[in-house]
Amino acid sequence: MSSVHHRTALVDGHEIFYREAGPADAPAIVLLHGYPTSSFMFRELIPLLAGDYHVIAPDHLGFGRSAAPGAAEFTYTFDALARITAGLLDRLGLERYALYVQDYGAPIGWRLALEQPERITALVTQNGNGYEDGFVESFWNDVWAYAANPGPGTEPPVRAALGIDALRWQYLHGVPDPSVVSPDTWEHDFAHLSREGNDEIQLALFRDYPNNRPLYPRLHEFLRTSGVPVLAVWGRNDEIFGPDGARAFARDAEDAEVHLIGGGHFLLESHLDVVAGHLRGFLGRVLDRPSR
């Protein structure tokens, strides 16, 4: 089994933590995590891929073990997080790679793909939204209200999303047997979110989230014209990004592969082997295909 290395790199003056495994000359896959977690969410998936692929899983700036400059020092937007991620991949010399995106990793990954489409060999979305169809209204209404009018009247519901109960819910909702999900997951995330000043970082990203929606038509055009293969493997019980968000990829991506699995938002915690099986089968098929 390939060892997983835990490394840091300096990108635009910020220390970025990343996990790396697999042969350096193997096809590359970049794993981009969501909120409220870090590359920790891929801790069990990475060894399952590392025998055949060069795996890179960074912590976004402000998350996990990466630097977290205060919101007064750094303007936290998804554009900025994508720029940092692109800088890391350049520093690591990744010229071609597949993307695996989840939650926040999706708008970061879409920006990478749209900025440098020639580098993308495949897209894998695991509860990573790219369509209006995917938004579950009951979850997102508070975010839209806060982003449109930040203030004491709209902030409390989104600030509550930083609390331990909300994090626990993110991991357990939609999971048929919650006992298979380790409490270490949400406790790990809560410890990082509780660092001084991190609440303001997260609130800034909530305010910026609507700026991801205008990217969607450009993403759809990219999917229609690039021929990049797409795998959507999705927890069908997700109450943040619903299963229509997975099905929608088949509208634009040629021969998109869509699998809806009976889990929730953090599918790797309850259905790791199922996801890994679909992922390995997909990558083994498409990465051997000649590029267009």
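Refer to the structure printed above.
This section reports on the structure supplied with the text. Each residue is numbered by its place in its chain's sequence as written, counting from 1. Only residues with pLDDT of 70 or above have their local features reported here, since the model is predicted, and side-chain atom pairs are shown and tallied only from 80 upward, although totals for entire chains, interfaces and linings are computed over all residues. The basis for every side-chain value is the complete set of non-hydrogen atoms in the structure, without hydrogens or water.

Some details on the overall build of the chain
And step 1. Where helices and strands are cited, they refer to DSSP runs of H or I of at least four residues and of E of at least two residues respectively, numbered from the N terminus. What the chain contains, in helices and strands, is twelve helices and eight strands.
And step 2. Taken over the C-alpha trace, the chain has a radius of gyration of 18 Å; the compact-globule value for 292 residues is 19 Å, and the two agree within 12%.
And step 3. The principal-axis extent of the C-alpha atoms belonging to the chain is close to 55 × 40 × 40 Å.
And step 4. Taking all contacts inside the chain whose residues are at least 6 apart in sequence as the whole, residues at least 24 apart take part in 75%.
And step 5. Only the protein chains shown count as covering a residue, and every accessible area follows the Shrake-Rupley method with a 1.4 Å probe. Taken as a whole, the chain presents about 11,700 Å² of accessible surface, with 49% of it coming from carbon and sulfur.
And step 6. Computed over 23 positive and 39 negative side-chain charges, the separation of the two mean positions in the chain equals 4 Å. The reference for a compact globule is 2.2 Å times residues^0.38; the radius of gyration itself is calculated from the C-alpha atoms. Whether two residues are in contact is decided by their heavy atoms, any of which lying within 4.5 Å being enough. Under this rule, positive means Lys or Arg and negative means Asp or Glu; His and the chain ends count for nothing. A charge is said to be at NZ when it belongs to Lys, at CZ for Arg, at CG for Asp and at CD for Glu.

Some thoughts on the nonpolar core
And step 1. As used in this record, nonpolar core signifies buried Ala, Val, Leu, Ile, Met, Phe, Trp, Tyr and Cys residues forming a set joined through side-chain atoms within 4.5 Å. In this scheme, a residue with accessible area under 20% of its type's maximum is buried, one over 50% is exposed, and one in between is partly exposed, where area comes from a 1.4 Å probe on protein chains only. Core analysis: the biggest nonpolar cluster contains 98 residues, and Ile29, Leu31, Leu45 and Tyr100 have the highest contact counts within it.
And step 2. Apart from residues no more than four positions distant in its own chain, Leu31 is found in contact with Phe42, Leu45, Ile46, Leu49, Val55, Ile56, Ala57, Pro58 and Tyr100.

Looking at the pattern of salt bridges
And step 1. When a carboxyl oxygen of Asp or Glu is within 4 Å of a side-chain nitrogen of Lys or Arg, the pair counts as a salt bridge. Under the definition given, this model contains 16 salt bridges.
And step 2. A salt bridge links Arg251 to Asp133; the nearest nitrogen and oxygen atoms lie 3.0 Å apart. Here Arg251 is found in helix 11 (residues 249-252), whereas its partner Asp133 is found in the loop between strand 6 (120-125) and helix 4 (137-148), with 118 residues between them in sequence.
And step 3. On the basis of relative accessibility, which here comes to 33%, the residue Asp133 falls in the partly exposed class.

Quick look at the sheet that holds strand 1 (residues 4-11)
And step 1. Only when DSSP finds a minimum of two bridges between them are two strands counted as paired. The sheet built from eight strands is open, its strands ordered 1-2-4-3-5-6-7-8 with mixed pairing. The open sheet has two free edges, formed respectively by strand 1 and strand 8 (257-261), since each of these has just one partner strand. Taking the axes of each pair of neighbouring strands and ignoring which way they run, one obtains an average angle of 20 degrees across the sheet.
And step 2. Here three bridges tie strand 3 (residues 28-32) to strand 4 (residues 54-58), and the two strands are oriented parallel to one another. When the sheet's bridge partners are listed, Ile29 is paired in strand 4 with Val55.
And step 3. Its contacts with the sheet put helix 3 (residues 105-115) on strand 3, strand 5 (97-101) and strand 6, and the angle it makes with strand 5 is roughly 155 degrees. Note on definitions: angles span 0 to 180 degrees between N-to-C directions of axes, and those axes are lines fitted to C-alpha atoms, for helices only across the stretch in contact.

With respect to helix 9 (residues 216-226)
And step 1. Considered for burial, the residues of helix 9 that qualify are Tyr216, Leu219, His220, Phe222 and Leu223. Down the axis, helix 9 shows its buried residues gathered within 155 degrees of arc, on one side only. Opposite the packed face of helix 9, turned more than 90 degrees from it, sit the exposed residues Pro217 and Thr225.
And step 2. Looking at the buried residues of helix 9, the elements they touch are helix 3, strand 6, strand 7 (230-235) and helix 11. Note that the arc is defined by the directions from the helix axis to the C-beta atoms.

Re the pairing of strand 1
And step 1. By the bridge criterion, eight bridges tie strand 1 to strand 2 (residues 14-21) in an arrangement that is antiparallel. Note that in strand 2 the partner of His6 across the bridge is Arg19.
And step 2. Once strand 1 ends, the chain turns through two residues before running back antiparallel as strand 2, passing Asp12 with a positive phi of about 50 degrees.

Re the side chain of Glu20
And step 1. Mapped onto the secondary structure, Glu20 falls in strand 2.
And step 2. Glu20 sits in the buried class, given a relative accessible area of 13%.
And step 3. N or O atoms closer than or at 3.5 Å make up a polar contact, with two conditions inside protein: a donor-capable atom paired with an acceptor-capable one, and, for residues adjacent in sequence, both atoms drawn from side chains. In terms of polar contacts, Glu20 uses its side chain to reach the side chain of His54, at 2.6 Å.
And step 4. Beyond its immediate sequence surroundings of up to four residues, Glu20 is in contact with Ser3, Val4, His5, Arg7, His54, Val55 and Ile56.

Thoughts on the packing of aromatic side chains
And step 1. In summary, the pairing rule links any two rings of Phe, Tyr or Trp, Trp by its six-membered ring, whose centres are within 6.5 Å, and it sorts them by plane angle into stacked for under 30 degrees, edge-to-face for over 60 and tilted for everything else. Under the counting rule described, the total for this entry stands at 23 aromatic pairs.
And step 2. Ring centres of Phe74 and Tyr76 lie 4.9 Å apart, and the angle between their planes is 65 degrees; on these two criteria the pair is classed as edge-to-face. In this structure, Phe74 and Tyr76 share a single accessibility class: buried.
And step 3. Relative to Trp169, the ring of Phe139 has its centre 6.1 Å away and its plane inclined at 10 degrees; by these criteria the two rings are stacked. With Phe139 in helix 4 and Trp169 in helix 6 (residues 164-172), this pair connects stretches of sequence that are 30 residues apart.
And step 4. Exposure remark for Trp169: the relative accessible area of 32% places this residue in the partly exposed category.
And step 5. Positioned above the aromatic ring of Phe40 is the side chain of Arg43, whose terminal nitrogen or guanidinium carbon lies 4.2 Å from the ring centre.
And step 6. Here the basic side chain of Arg213 rests over the ring of Trp144, its NZ or CZ set 4.2 Å away from the ring centre. Two conditions define a charge sitting above a ring: the NZ of Lys or the CZ of Arg must be within 6 Å of the ring centre, and it must be within 35 degrees of the ring normal.

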